[in-house]
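Letter by letter, the chains look like this.
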Amino acid sequence: MKKISILLVLVMVFSIFAVGCGGGGGEDTDVVAGIDVEGTTIKIGVFEPTTGENGGGGIQEVLGIRYANSLYPTVDINGTTYDIQLVEVDNQSDKTAAVTAAQSLVSQGVVTVLGSYGSGVSIAAGPTFAEAGVPAIGCSCTNPQVTLGNDFYFRACFLDPFQGTVMANYAIDAGYTKAAVISQNGDDYSTGLAGFFKQAYTDLGGEIVADETYQTNESDFNAILTTVKASGAEVIFVPSSIATATLILPQITANGIDAQVLASDTWENAAIISEDAVGAVFSTFFDEKDESNAIAKEFVDGFKVFLNSDAQYLTWNAGTDTVAAVSALGYDTYMAAYHALEALDGTDIEVVNSVAIRDALVNVQFDGVTGAIAFDENGDAIKDTAYLKTVTEDSVATKEFSFVKTQSVAEL
């Protein structure tokens, strides 16, 4: 990803069109001036759903971001100490509302944005951030389209082609040769991930015996599940929101379906833990019990104290102090922005500017909670490992997921 010049071009006066080299996807983008920091307060936007079907996951990312800000509330750049202020907006888990929320952040003068939980809202808001010259760093938005062709969108998580392949391999390795897929019509994350799973699964010799879709806010899945049961599927892949998971799991039980249920990162929320979820397996980005990373252990210990310091935080975290992977990613995205700001110290910039921060992000490298953080030419994190977790009878009592295994790119 090449750096974009911040030279101001007087297009209207001289009719000269200056073009910078595009990062993601290789498409050219017009040079933009970006937004300057005014005074000694750096505003970082928090672009997350705190309501709607993805509100449960969005607020967990917000918690990770808030915790990071509590530890690193200021930054020194060229002799000036800047306060870092979080400006939070609710994109409501809705693409139209996401654009409005993104415009609100830009109008408030944020110079970096963190989020969002949900690929669809991230894709929808991407052009708004790019046109304003404000870099965004996604926490868990896994669809490839989030960063593709957008020099101003980065992310800290792995992508859905990898995640879909991981779950397809798990199904085949377990001996399941007939799969049903249930996805949300019109949702970029759900349909995209379902597609990657189906491709990988059939490439491995499996057969898709049922391919069902449902509408946003649908709550009755009995017709779909009747078809799935009749198909003879041995495994069901359901890349859905937390809200949908809590609805469909008891209906799977009620329909007498005993197929293995597989899902994805969105299911790592204690709200889904119940007797109906026992045996379900999903992929995610982080495991709080993995103590091989000293930075992660320090984060887990501190974040639990943070959660327990406020009853509302525990409520938002599904009533437990279990550390969700998306909270860890929220923390890492804040630290990516923080390290980009630190990189401006000692440079000859006269004012902290959003485009300068974007340019610094290109070269950011650090050891994060979820592993080493660095970005490739598309702005995607260089991540190659997924964690698989499940719900057990013990999980129902403790409200904690059980670790199954890790899966790396090299093992696929």
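This one's a predicted model, so the numbers in the text were calculated from it and none came from an experiment.

Chemist: Teacher, can you tell me more about the nonpolar core here?
Modeler: Inside soluble globular proteins, nonpolar side chains tend to come together where they are buried. I42, F47, F129, I182, W267, F299 and Y334 are the most contacted members of the largest nonpolar core, which has 127 residues in total. When residues in this core are grouped by element, the largest group, 12 residues, is from helix α11 (residues 325-343). Sequence-distant contacts of F129, that is, excluding residues within four places in its chain, are made with F47, A102, L105, V106, V113, V134, A136 and Y153.

Chemist: What's the story with unusual backbone geometry in this structure? I'm lost.
Modeler: Trans is the prevailing form of peptide bonds, just as negative phi is the prevailing case for residues other than glycine. Cis geometry marks the peptide bond from G115 to S116; its omega dihedral reads 25°. Here S116 lies in the loop between β6 (112-114) and α4 (119-132). Of note in the backbone geometry, N78 takes a positive phi value of approximately 50° without being a glycine. For N78, the position within the fold is in the loop between β4 (74-77) and β5 (80-90). We note that A318 has phi near 60°; this positive angle belongs to a residue other than glycine.

Chemist: Whenever I open this one, the sheet that holds strand β10 (residues 207-214) confuses me. Can you help?
Modeler: Two pairing modes exist for strands in a sheet, parallel and antiparallel, and in both the strands are linked by backbone hydrogen bonds. Strand order in the open sheet formed by 7 strands is β10-β9-β11-β12-β13-β16-β17, and the pairing between neighbours is mixed. Looking at strand neighbours, the two that pair on one side only are β10 and β17 (402-408), the edges of this open sheet. In this sheet, adjacent strand axes meet at a mean angle of 20° when their direction is disregarded. Note: strand β16 (residues 385-390) against β17, 6 bridges, orientation antiparallel. When the bridges of β17 are listed, Y387 appears paired with T406. Running at roughly 50° to β16, helix α5 (residues 160-173) makes contact with β11 (235-237), β12 (260-263), β13 (281-284), β16 and β17 of the sheet. Together, β9 (178-184), β10 and β11 form the strand contacts of helix α6 (residues 188-203), whose direction differs from that of β9 by roughly 165°.

Chemist: Looking at this structure, how should I read the pattern of salt bridges?
Modeler: Proximity of charged atoms lets side chains of opposite charge pair with each other. The final tally for this structure, using the stated rule, is 11 salt bridges. In this structure, K95 and D188 form a salt bridge, with 2.9 Å as the shortest nitrogen-oxygen distance. You can see K95 sitting in helix α3 (residues 95-107) and its partner D188 sitting in helix α6, a full 93 residues away along the chain. Assessed through its relative accessible area of 36%, K95 is described here as partly exposed. Taken together, the shared-partner salt bridges connect E268, D287 and K389 into one network.

Chemist: Looking at this model, I keep getting lost on helix α8 (residues 242-254). Mind explaining?
Modeler: Every α-helix carries 3.6 residues per turn, so stepping three or four residues along brings you back to the same face. Between its first and last C-alpha, α8 extends 19 Å over 13 residues, near the 18 Å set by a 1.5 Å rise per residue. When α8 is considered as a whole, its buried residues turn out to be I242, T244, A245, I248, L249, Q251 and I252. Check the buried side of α8 and you find it contacts α2 (55-71), β9, β10, α7 (222-231) and β12. Positive backbone phi, approximately 70°, marks G256, located one or two places after α8.

Chemist: Please clarify how the sheet that holds strand β3 (residues 41-48) should be interpreted in this entry.
Modeler: An order of β4-β5-β3-β6-β7-β8 is seen for the 6 strands of this open sheet, with the pairing classed as mixed. Each of the sheet's edge strands pairs with one partner strand only, and the pair in question is β4 and β8 (153-155). Strand-to-strand twist across the sheet, computed as the mean angle between neighbouring axes with direction ignored, equals 30°. Strand direction decides the pairing type here: β4 and β5, joined by 4 bridges, are antiparallel. Pairing of T74 across the sheet is with D83, part of β5. Contacts from α4 reach β3, β6, β7 (136-138) and β8 within the one sheet, and its direction differs from that of β3 by about 145°.

Chemist: I'm lost on the confidence of the model for the protein chain in this one. Help?
Modeler: Note that predicted coordinates carrying low pLDDT should not be read in detail. Per-residue confidence for the protein chain gives a mean pLDDT of 92, with 93% of residues at or over 70. In this model residues 1-29 is a low-confidence stretch, pLDDT under 50, and it forms 63 contacts with partners more than four residues away in sequence or in other chains.

Chemist: Help me understand the side chain of T142, please; the structure alone is not making it clear to me.
Modeler: By the element assignment, T142 lies in the loop between β7 and β8. For T142, a relative accessible area of 0% puts it in the buried group. At a separation of 2.7 Å, a polar atom in the side chain of T142 contacts the side chain of D160.

Chemist: Would you mind showing me how to read the packing of α2 against helix α9 (residues 294-308) here?
Modeler: Relative orientation and spacing of two packed helices are given, respectively, by the angle between their axes and the distance between those axes. Taken N-terminus to C-terminus, the directions of α2 and α9 make an angle of 105°; their axes are 11 Å apart at the nearest point. As summarised for this structure, α2 and α9 are arranged roughly perpendicular, according to the angle between their axes. Taking contact as the criterion, the partners of L63, G64, R66 and Y67 in α2 are, on α9, F299, G302, F303, F306 and L307. Residues of the contact of α2 with α9, tallied by class, amount to 6 nonpolar, 2 polar and 1 charged.

Chemist: Would you take a moment to explain α5 for this structure?
Modeler: With 14 residues, α5 extends 19 Å from end C-alpha to end C-alpha; this agrees with the ideal 20 Å at 1.5 Å per step. Across the 14 residues that make up α5, a large majority, 10, are buried. Those residues of α5 that sit buried are D160, F162, Q163, G164, V166, M167, A168, N169, Y170 and A171. Each element contacted by the buried residues of α5 is listed here: α6, β11, β12, β13, β16 and β17.

Chemist: Whenever I open this one, the pairing of β16 confuses me. Can you help?
Modeler: On a regular strand, each side chain points to the face opposite its neighbour's, so the side chains alternate between the two faces of the sheet. Across the 6 residues that make up β16, a large majority, 5, are buried. Two elements, β13 and β16, share 4 bridges in a ladder whose sense is antiparallel. Its bridge partner being in β16, F282 is matched across the sheet by K389.

Thresholds, definitions, all that
- Residues numbered from 1 in each chain as written.
- Predicted model: local features only at pLDDT ≥ 70, side-chain atom pairs only at ≥ 80, totals over all residues.
- Heavy atoms only, no water.
- Core = buried A, V, L, I, M, F, W, Y, C linked by side-chain atoms within 4.5 Å.
- Buried < 20%, exposed > 50% of the residue type's maximum accessible area, 1.4 Å probe, protein only.
- Helix = DSSP H or I, 4+ residues; strand = E, 2+ residues; numbered from the N terminus.
- Contact = heavy atoms within 4.5 Å.
- Pairing = 2+ DSSP bridges.
- Axes fitted to C-alpha atoms, helices over the stretch in contact; angles between N-to-C directions.
- Salt bridge = Lys/Arg side-chain N within 4 Å of Asp/Glu carboxyl O.
- Expected span 1.5 Å × (residues − 1).
- pLDDT = per-residue confidence, 0-100.
- Polar contact = N/O pair within 3.5 Å; in protein donor to acceptor, adjacent residues only side chain to side chain.
- Parallel < 35°, antiparallel > 145°, perpendicular 65-115°, else oblique.
- Nonpolar A, V, L, I, M, F, W, Y, C, P; charged D, E, K, R; others polar.

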